[in-house]
Amino acid sequence: MGIKACDRNGCDRIMCDNYSDQFGYLCFECMTELQSKAGNITIGDFMASPKGADKPAEPATLDDIDAAFNPS
Ligand SMILES: [Zn+2]
C-alpha cells in the first residue's frame, strides 16, 4: 500500500488514481488505452496484455519510404 503501482502487465507507473477490487490499480495512461478498447477486450485480458506491445503498426508514409530507401 502507498505507492499505488499500476497492476497492468509491464506497466511501472505509480500513484494511480483508478482502483478496482478485482483488478487492482490502473494508471491514467492504461485507463485511456482500456477505454479506447472498450467493446473489444475484457478487462482481465487487458490487464494481462503487455503494455505497448499491441499498438497497431503505423502505416508507412511516403517520407518514411524515402527515408528507409536511399538512392544508391
Ligand atoms: Zn499503467
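Residues numbered from 1 in each chain as written. Predicted model: local features only at pLDDT ≥ 70, side-chain atom pairs only at ≥ 80, totals over all residues.

1. A word on the overall build of the protein
Here comes step 1: Secondary structure summary: the protein contains 3 helices and 2 strands in total.
Here comes step 2: Taking all contacts inside the protein whose residues are at least 6 apart in sequence as the whole, residues at least 24 apart take part in 27%. (Helix = DSSP H or I, 4+ residues; strand = E, 2+ residues; numbered from the N terminus. Contact = placed C-beta atoms within 7 Å.)

2. Re the environment of Arg 13
Here comes step 1: Residue placement: Arg 13 occurs in the segment before strand S1 (18-20).
Here comes step 2: Spatially, the C-alpha atoms of Arg 13 and Pro 59 are 29 Å apart, while their sequence positions differ by 46 residues.
Here comes step 3: For Arg 13, the residues in contact, after removing those within four places along its chain, are Cys 6, Cys 27 and Glu 29.

3. Structural notes on the nonpolar core
Here comes step 1: In this structure, Cys 6, Cys 11, Cys 16, Tyr 25, Leu 26, Cys 27 and Cys 30 together form the largest nonpolar core, which totals 7 residues.
Here comes step 2: In contact with Tyr 25, not counting residues within four places along its chain, are Lys 4, Ala 5, Cys 6, Asp 7, Cys 16, Asn 18 and Tyr 19. (Core = buried A, V, L, I, M, F, W, Y, C linked by C-beta atoms within 7 Å. Buried ≥ 20, exposed ≤ 12 C-beta atoms within 10 Å, placed from the backbone.)

4. Some points on unusual backbone geometry
Here comes step 1: With a phi close to 50°, Lys 4 is a non-glycine residue in the positive phi region.
Here comes step 2: As for its placement among the helices and strands, Lys 4 is situated in the segment before S1.
Here comes step 3: With phi around 60°, Met 15 is a residue other than glycine that occupies positive phi space.
Here comes step 4: Looking at the element boundaries, Met 15 is found in the segment before S1.

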